Amino acid sequence: MSFSDSYLGKLRQKIGSGILLVPGARVIVKREDGCLLMQHRTDFDVWGIPGGNAEEGEDLQSVAIRETREETGIRIRNLLPFGFGSNPEFETVTFPNGDICQFFAMMFYTTHYDGTPVVADDESKAVDWINPDVLPPMLPNMRRSVEAFQRFEKTGIFQMI
């Protein structure tokens, strides 16, 4: 789906670039060797994890599955929640085009997927398996999501970030 066809794209056409409160989901896909699936984003030219915004009538688990498929070409299943991102200091993002969003993101993880990751849309320059101990340059909210997952793995405690 193109941005202009999405719920958020249609809303932007009506209200311009002012701040929007946006529900969505992020996904940690973990491979057996511990590496995490990441995408090199075209908008900020840094790395992130798969995820995106809800469409009308969509639940957050469906958002996670759809966005991961759109961005990386893989099909994920058996998603489990590990945290929720809502801190406006980190979740308020100004995009290069001037649009501002404050995100509220349910964070899921999975080790179950089918397919080989590929660049599957125009939001990604590359997709790759990244060692979480040596993270590349990332958006701050995405880095915090990875760090929250690492804490969750150690403690089993749901992460509110």
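By the naming in an unreviewed UniProt entry, the protein is ADP-ribose pyrophosphatase YjhB (NUDIX family), taken from Rhizobium skierniewicense. Per UniProt, the protein has the following entry under Sequence similarities (unreviewed entry): "Belongs to the Nudix hydrolase family."

Focus on the side chain of Q39
Note on placement: Q39 falls in strand 2 (residues 36-41). The exposure class assigned to Q39 is buried, which follows from its relative accessible area of 1%. Apart from residues no more than four positions distant in its own chain, Q39 is found in contact with V46, W47, G48, I49, P50, E71, E123, S124, A126 and V127.

What about the packing of aromatic side chains?
Across all of its chains, the model carries eight aromatic pairs by this definition. Judged by centre distance (6.1 Å) and plane angle (45°), the ring pair of F82 and F152 falls under tilted. Taken together, the residues F82 in strand 6 (residues 80-85) and F152 in helix 4 (residues 140-155) connect sequence positions 70 residues apart. Of the two residues, F82 and F152, neither departs from the other in class, the shared state being buried. Ring geometry for Y109 against F152: centres 5.6 Å apart, planes inclined by 55°, an arrangement best described as tilted. Taken together, the positions of Y109 in strand 8 (residues 100-110) and F152 in helix 4 put the pair 43 residues apart, joining distant regions of the chain. Each of the two residues, Y109 as well as F152, counts as buried. Ring pairing ties together the aromatic residues F82, Y109, F149 and F152, which thus form one cluster.

Concerning the environment of A64
By the element assignment, A64 lies in helix 2 (residues 60-72). Linking A64 and A25, residues 39 residues apart in sequence, is a C-alpha distance of 5.4 Å.

Observations regarding the UniProt feature "domain: Nudix hydrolase" (unreviewed entry) in the protein
Under the UniProt annotation, "domain: Nudix hydrolase" (unreviewed entry) lies at residues 20-152. Within the segment residues 20-152, helix and strand shares are 23% and 41% respectively, and the terminal C-alpha atoms sit 29 Å apart.

Details of the sheet that holds strand 10 (residues 124-130)
The three strands lie next to each other as 3-2-10, forming an open sheet whose pairing is antiparallel. In the strand order of this sheet, the two ends are held by strand 3 (47-48) and strand 10, each with one partner. In terms of strand pairing, strand 2 meets strand 3 through two bridges, oriented antiparallel. Within the sheet, the bridge partner assigned to H40 lies in strand 3 and is W47.

Rules used in this analysis
- Residues numbered from 1 in each chain as written.
- Predicted model: local features only at pLDDT ≥ 70, side-chain atom pairs only at ≥ 80, totals over all residues.
- Heavy atoms only, no water.
- UniProt positions renumbered as here; feature names shortened; annotations may be inferred.
- Helix = DSSP H or I, 4+ residues; strand = E, 2+ residues; numbered from the N terminus.
- Buried < 20%, exposed > 50% of the residue type's maximum accessible area, 1.4 Å probe, protein only.
- Contact = heavy atoms within 4.5 Å.
- Phe/Tyr/Trp six-rings, centres within 6.5 Å; stacked < 30°, edge-to-face > 60°.
- Pairing = 2+ DSSP bridges.

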